[in-house]
Structures are given as structure tokens and as C-alpha cells.
Amino acid sequence: MVKQSTAEREGRLEGAIGRLLISGVILSLLLEVAGIVLFYLSNGNVAIAAGGLAFVRSETFFTFLSELFAGKGSEGWAIRFMSLGVAVLILTPYLRAVFSVVFFAARRNVKYFLMTLFVVIVLTISLLYH
Amino acid sequence: MLSLLIISIPVGFIGSLTGLGGASILIPIMVFFGIPVKVAIASAMVSVIATSSGSASAYVRERLANVKVAMYLEVFTSIGAIIGATITTFIPAVYLYFFFAAFLATSFLQVRGRRETAQGEGANRLSRRLELEGAYFDEAKQRSVAYVADRPVLGGLGMMVAGLAAGMLGIGAGAFKVTVQENILKLPPKVASATSNFIVGMTALAGTSVYLFSGLLNLTLMAPMAVGTTIGAVIGGRVLNRLSGGILRLLFYFVVSVLIAQMLYKGVVSW
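We now turn to the structure provided with this report. (Residues numbered from 1 in each chain as written. Chains lettered and ligands numbered in written order. Predicted model: local features only at pLDDT ≥ 70, side-chain atom pairs only at ≥ 80, totals over all residues. Heavy atoms only, no water.)

Details of empty space enclosed by the protein
A water-sized probe rolled over the atoms picks out the places where empty space is left. This is how it is decided: A pocket, in this scheme, is an open set of points on a 1 Å grid over the protein atoms alone with protein on both sides within 12 Å along at least 5 of 7 lines, while a cavity is a set where a 1.4 Å probe fits but cannot get out; residues line either one if an atom lies within 4 Å of a point. Grid points are joined across faces, edges and corners, and a volume is the space filled by probe spheres set on the points. A run of H or I in DSSP becomes a helix once it reaches four residues, and a run of E becomes a strand once it reaches two; helices and strands are each numbered from the N terminus.
Applying the stated rule across the entire model yields one cavity of 30 Å³ or more. Forming the boundary of the largest cavity are Arg96, Ala97, Ser100, Met115, Thr116 and Val119 of chain A together with Met71, Glu74 and Met202 of chain B. Counting residues per element, the ones that place at least two in the lining of the largest cavity are helix H3 (77-106) and helix H4 (110-128) of chain A together with helix H4 (67-90) of chain B.

A closer look at the pattern of salt bridges
Selection rule: Counted as salt bridges are all cases of a side-chain nitrogen of Lys or Arg within 4 Å of a carboxyl oxygen of Asp or Glu. Accessible area is worked out with a 1.4 Å probe on protein chains only. A residue is then buried under 20% of its type maximum, exposed over 50%, and partly exposed in between.
The final tally for this structure, using the stated rule, is four salt bridges over all chains. Among the ionic pairs, Glu74 of chain B bridges to Arg96 of chain A, the shortest N-O distance being 2.9 Å. On the criterion of chain membership, the pair formed by Glu74 of chain B in helix H4 and Arg96 of chain A in helix H3 is interchain, its members lying in two chains. As far as burial versus exposure is concerned, Glu74 of chain B and Arg96 of chain A are alike and both buried.

Section: the packing of helix H1 (residues 2-18) of chain B against helix H11 (residues 245-269) of chain B
All names here are of chain B. The following threshold applies: Axis definition: a line fit to C-alpha positions, over the contact stretch in the case of helices; interaxial angles, taken between N-to-C directions, run 0 to 180 degrees. If you view the pair so one helix is near and one far, a crossing is left-handed when the near helix is turned anticlockwise from the far one by less than a right angle, and right-handed when it is turned clockwise. When checking whether two residues touch, look at their non-hydrogen atoms; a contact exists if any pair is within 4.5 Å.
Following both chains from N to C, one finds H1 and H11 inclined at 115 degrees, their axes separated by 9 Å at the closest point. Along this stretch, H1 crosses H11, giving a crossing that reads as left-handed. Taken together, the residues of H11 that come into contact with H1 (itself represented by Ile14, Leu17 and Thr18) are Leu248, Leu251, Phe252 and Val255.

Description of a nonpolar patch on the surface
All names here are of chain A. Put simply, the test is: For patch detection, residues must exceed 30% relative accessible area and be free of salt bridges, and they are connected within 9 Å for like charges or within 5 Å for nonpolar side chains (Val, Leu, Ile, Met, Phe, Trp, Tyr). Computed with the Shrake-Rupley method and a 1.4 Å probe, the accessible areas treat only the protein chains shown as cover for residues.
Where nonpolar side chains cluster on the molecular surface, the patch consists of Val33, Val37, Tyr40 and Leu41 and spans about 390 Å² of accessible area. Mapping Leu41 onto the fold places it in helix H1 (residues 2-43). Accessibility expressed as a relative area gives 63% for Leu41, which makes it exposed.

A closer look at the interface of chain A and chain B
For the record, the criterion: Throughout, buried area stands for the accessible area (probe radius 1.4 Å) lost by two parts on being put together, summed over both. In protein, a polar contact means a hydrogen-donor-capable atom and an acceptor-capable atom, both N or O and within 3.5 Å, with residues adjacent in sequence counting only if both atoms are side-chain atoms; elsewhere, any N or O pair within 3.5 Å suffices. Residues are grouped as follows: nonpolar covers Ala, Val, Leu, Ile, Met, Phe, Trp, Tyr, Cys and Pro; charged covers Asp, Glu, Lys and Arg; every other residue, Gly included, is treated as polar.
Taken together, the contacts link 53 residues of chain A with 52 residues of chain B. Summed over both partners, the interface of chain A with chain B buries about 4600 Å², with 75% contributed by carbon and sulfur atoms. Across the chain A-chain B interface, the total number found is seven residue pairs in polar contact (both at pLDDT 80 or more). Elements represented by at least two residues in the side of chain A that touches chain B include exactly H1, helix H2 (61-70), H3 and H4 of chain A. Counting residues per element, the side of chain A that touches chain B draws most heavily on H1 of chain A, which supplies 16 residues. Tallied by class, residues from the side of chain A that touches chain B come to 35 nonpolar, eleven polar and seven charged.

Considering the side chain of Lys177 of chain B
All names here are of chain B. For clarity, the cut-off: Counted charges follow a simple rule, with Lys and Arg positive, Asp and Glu negative, and His plus the chain ends left uncounted.
Within the secondary structure, Lys177 is located in helix H8 (residues 174-183). Here Lys177 occupies a buried position and makes no salt bridge, while the nearest side chain of opposite charge, Glu74, is found at 9.0 Å. A distance of 2.9 Å separates a polar atom in the side chain of Lys177 from the backbone oxygen of Gly172. Apart from residues no more than four positions distant in its own chain, Lys177 is found in contact with Thr77, Met159, Ala162, Ala166, Gly172, Ser196, Ile199, Val200 and Thr203.

Here it is, written out as C-alpha cells:
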């Protein structure tokens, strides 16, 4: 009885993770497509940009996000949409990791709570300090 | 961008059929067209998140991927990927051609797990303590198959190497991860490939977290690549079961040989 409910709950985690991943990917790909279309509308071509704005260069992921919303690079909506797509794509597995930490904490599974927490901390540090 | 998008669809398709992944094929192609290798690597790494998360979601819902095994192994791959990506931002680009070719060559050495996993047998105490076990319903056998992972420490180290290569080269290194899971952890092949897909997304995120701030990530490269390879991979996943193993093997050897030749040539001329 107990075993079955464990499997059931893990099944719920898997279902939620599956939905999270697919929605994140679809949303980000739509943003990328929108970015490409906007790029064509504003530049009249879809050539690969060799420099400047096309390159992402921010201090941290959060400055990347805030610059995006503050309108830095608003001269290019296309680039903003593409950046937003990247942000969504990055957040998809990141949220999956955070979500797993919460799940295992609620289940009081200390081993997996620590393991997933470790991954989240490593990722967060890497997103913040590069 | 349009031509890159159009190229990316068949590349994603072939990448998914051969298990190489779209990025491993696209990076040499981009290098061929004169895109700097580091820029190609950084931009491809982002598209790997899309391709793998897209296909992982299906496997997770079918309960083929083992989420716990994945989370245990991610501890190793994410550290490996961050170190690998950091190395790439520092070292001279010319080395990367040779590393890329060498890593592609390792995919020839794959010994596909032929043996059935011995259930319960050789089941490491540590594995049980780490809850690295599970069961899945095998469609072909019409029964549930239970398994326990073997040698979790060695498997973790193997995954660290996989993560290092993935981060350094901007690829998913999925085939290598499957090899580690089948041959060291002794997981059933279907579970290994499904779980690998799941881990690749997290590894790519770790690598991307480094490239995002390196000034190497070109959005106009990344956008068409992510869209194209994901579409191609989805189509590939659908026809995979309908193709014969012989054709796939031939395709695999052909593609890997061409890619290795291209990267070696590029490495030699830019030495």
C-alpha cells in the first residue's frame, strides 16, 4: 500500500516535469521563430549577424534578464525576442531542478533533497559568477 | 539564418537517428562555412537544451527515464560541463578541432550493451542506498522489467568525463552517456537512452551558464539552430523504430567519418 503511493507520487513528479519541459521548449522556440521573423522585417534579410548585438554579453544571468526588460538593445526587437527565448530555455531545466528540490523536501527524502539542492546551487553560482 | 534553419532540420533528424545529436553534426558544418569554432560551440550548446528537453519530456511521461538515476548523475555531469565550458573559453581554438575529432572517434568504440541486465544480481549496496533502481514496462516483451544500477561511483566518474566533453565541445554527448549507463551502471538500453536525454538538458544548461557571459553566444546562429534541430529530432524520433539497424549503422559510420575528417582537416590547416 505504502509502496504504491510512493510510486504514484513519483509518477506525479514525472508528469509535472514532463509538462514543464515541453511547455518551456515550445515557448522558447516560438520566441526564436518570432525573433527570426522580426529580424527579417527590420533588416530585409536573414543573414547571420557577424557581430555586435547578436552576441550575448552580460555580467550575470540576472543582469541579462533585467537588461532585456529594461530595453537595452531595444533598437532590435528581433534580438530581444531571441534573448528572451534563450532565457526561457535556460529557465526550463533550471526550474525543473528547483522543482525537484521542493518535491524531495516535501517528501522528506534527505538524500535526494541534498543531491538536487547541490545541483541547483552549482547552477546558480555558475549563472551568477561568470 | 534561413539556410541554417533549413540545414538544421535534416541534421536534427540524422542526429536523432544516429544518436549523435544535432550539435555534434552542426558544429563541424558551421566550422566548414567559416564560423569561428568557439562561437559555433557556444551557440550550439544552447540548442542542445531545446532538443534534449523536448524529447526528454516524452520519455519521462512514458516512465522510461529514471528521474532519480538522472538526478544522481547530474551532480557529476553539471560540474563536468562547467569545467569543460570554462576550459573552452580559455584555450586556443585550434586544440578544439582535435578534441572534437577525438571525442567523435570514441563513439566508434561504443559497445552496445548486448547482455540483459542481471536483475538484482551485482546490485551494489550503495546503489540501493541511493535508490538507483526502478522498473519500466517493456513494450516488446510485454512485461515489466526491474533493474538496479551497478557501480554508482565509477558511473559517476564516467559521467563527469561525459559532462566535461559536452561542456567543452558544445554538444550533448548523449551517445557517450548511454555507453556509460549501459556498460558501467548496467542499465537496460531503453532506460539508458531515455535517462541520457534527460541528463543532457541539465548538462547543456550548465555549459550554457558559462557561455552566456563569454561573448561567444551568437543569437542569430542559435535561434535557427534550436528551432531546426528540435523539429528534425522530433521527426527522427518518430521514424526511428521503422528503420533497419543495418541502415542506421551505415549512416552512423558515414556521418562520423566525414565529421572527424572535417575537424582534423580544419585543425591541421589552422595549426
